[in-house]
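Chain residues, written in single-letter form:
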Amino acid sequence: VLGAAAAEEIAAAVRARLSLTITSSEALGPLLRAGPRARLQLKVDTGMTRLGVQPREAVAVATRLARAGLGLEGIYTHLATADDADSDYVREQLDRFEAVLPALRARFPQALVHAANSAAALGHPRSRYDLVRIGLAMYGLYPAPRLVETVGLQPAMRFLSRVVRTARVPPGTPVSYGATYRVRRSSTVATVACGYADGYPRLAGPSAQAAVAGQRLPVAGRVCMDHLMLDAGDRAVRVGEEVELFGRTVAVDEVAAWAHTIAYEIVCGVGPRVPRVYLRGGRPIGVG
């Protein structure tokens, strides 16, 4: 559990055999009271300023754990700038981490040490230690363009929907809220069952494209809560035809750029009402 556990959640977490993070000195008390069954990891805040004990407090926290008869499964930190080209701050954070690491390892020699997110795992070998914590790379996506040459990744996620309605309209016909988009010539407008309630970003609308049978089509007008429209021009689009919002033809990084955000937010933002179909070798192995 990488986040902070509330005091009332700890007993259930211990029963479930979850490995809990010590995210601050203040959080230590309730974890100590959970007893020796508690599985714990110590996070050191080396410069992210989000969660973790300060380096100057880390040894004292470890001492309290040892005196209480509790162990540590892991010791870790998180890097704030691993995806940036300038790695000075990464080195600074790792220096702070490694300054306290020997004393922590002396107390808990079996604890696994980890620091690297996807960007650090790909671009900063020093940060790999015993484990790495990849996130975006599990989706087959790169945290930064400069890391593309480090290892070959293939996108693992596609966001698909279907056409639910088509309409042939004359030039000048407005599409969607605000009538901000008007077709320039006689066109087929295809309505797709996907909107911002499903996680497709509303901000992407003015520049966005989606793909039908491998052909890119522009999003026509504003993205709605439950639908978006495509300007298919003279292409013969059929109701029920599959639409790729991102995946093989339209990269998730493109959708992120159109929405002025990052790929992390796009893949995390796909809503819970969207079924997940898990594939192995191209064949479905489960639905979530």
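Relevant structure appears above.
My aim in this report is to walk through the structure given alongside it, one point at a time. (Residues numbered from 1 in each chain as written. Predicted model: local features only at pLDDT ≥ 70, side-chain atom pairs only at ≥ 80, totals over all residues. Heavy atoms only, no water.)

1. Things to note about the nonpolar core
Argument step 1. If you look at the biggest cluster of nonpolar residues, it comprises 34 residues, and the most contacted ones within it are Phe159, Tyr200, Leu228, Leu230 and Phe246.
Argument step 2. Elements with a contribution of two residues or more to this core: strand 6 (159–169), strand 9 (187–192), strand 10 (209–212), strand 12 (228–231), strand 13 (242–246), helix 6 (252–258) and helix 7 (263–268).
Argument step 3. The element that contributes the greatest number of residues to this core is helix 6, accounting for four residues.
Argument step 4. Leave out the neighbours within four places in its chain, and Leu230 touches Thr188, Val189, Ala190, Val192, Ala210, Val212, Leu217, Pro218, Val219, Ala220 and Val243.
Argument step 5. With 27 residues, the next largest nonpolar core counts Ile10, Leu28, Leu40 and Leu72 among its residues. (Core = buried A, V, L, I, M, F, W, Y, C linked by side-chain atoms within 4.5 Å. Buried < 20%, exposed > 50% of the residue type's maximum accessible area, 1.4 Å probe, protein only. Helix = DSSP H or I, 4+ residues; strand = E, 2+ residues; numbered from the N terminus. Contact = heavy atoms within 4.5 Å.)

2. Points about the packing of aromatic side chains
Argument step 1. Inspection of the entire model under this criterion finds two aromatic pairs.
Argument step 2. Taken together, a centroid distance of 5.7 Å and an interplanar angle of 75° make the contact between Phe97 and Tyr129 edge-to-face. Highlighted residues: Phe97 in helix 4 (residues 88–107) and Tyr129 in the loop between helix 5 (118–123) and strand 5 (131–132), separated in sequence by 32 residues.
Argument step 3. Phe97 gets classed as buried once you look at its relative accessible area, which sits at 0%. (Phe/Tyr/Trp six-rings, centres within 6.5 Å; stacked < 30°, edge-to-face > 60°.)

3. Let's talk about the pattern of salt bridges
Argument step 1. Counted by the stated rule, this structure contains 14 salt bridges.
Argument step 2. Among the ionic pairs, Glu98 bridges to Arg126, the shortest N-O distance being 2.9 Å. Of this pair, Glu98 sits in helix 4 while Arg126 sits in the loop between helix 5 and strand 5, placing them 28 residues apart in sequence.
Argument step 3. Accessibility expressed as a relative area gives 28% for Glu98, which makes it partly exposed.
Argument step 4. Overall, Arg126 belongs to the partly exposed group, its relative accessible area being 35%.
Argument step 5. Residue Arg238 pairs with Glu241 through a salt bridge whose shortest N-O separation is 3.9 Å.
Argument step 6. The network of salt bridges with shared partners includes Asp95, Glu98 and Arg126. (Salt bridge = Lys/Arg side-chain N within 4 Å of Asp/Glu carboxyl O.)

4. Overview of the side chain of Asp231
Argument step 1. Considering the arrangement of structural elements, one finds Asp231 in strand 12.
Argument step 2. Here Asp231 sits buried without a salt bridge, and the closest side chain of opposite charge, Arg185, lies 6.3 Å off (N-O distance).
Argument step 3. Polar side-chain contacts of Asp231 include one of 2.7 Å to the side chain of Tyr181.
Argument step 4. Within the structure, the side chain of Asp231 is placed 3.1 Å from the backbone nitrogen of Gly233, a separation counted as a polar contact.
Argument step 5. What Asp231 contacts, discounting residues up to four positions off in sequence, is Tyr181, Val183, Ser187, Thr188, Leu217, Pro218 and Ala220. (Lys, Arg positive; Asp, Glu negative; His and termini not counted. Polar contact = N/O pair within 3.5 Å; in protein donor to acceptor, adjacent residues only side chain to side chain.)

5. A short note on the packing of helix 3 (residues 55–67) against helix 4
Any two packed helices are characterised by the angle at which their axes cross and by the distance between the axes.
Argument step 1. Axis separation between helix 3 and helix 4 bottoms out at 10 Å; the angle between their running directions is 5°. Relative to helix 4, the element helix 3 is oriented roughly parallel. Each of Pro55, Ala58, Val59, Ala62, Thr63 and Ala66 in helix 3 lies in contact with helix 4, whose residues at this interface are Val100, Ala103, Leu104 and Arg107.
Argument step 2. Residues of the contact of helix 3 with helix 4, tallied by class, amount to eight nonpolar, one polar and one charged. (Axes fitted to C-alpha atoms, helices over the stretch in contact; angles between N-to-C directions. Parallel < 35°, antiparallel > 145°, perpendicular 65-115°, else oblique. Nonpolar A, V, L, I, M, F, W, Y, C, P; charged D, E, K, R; others polar.)

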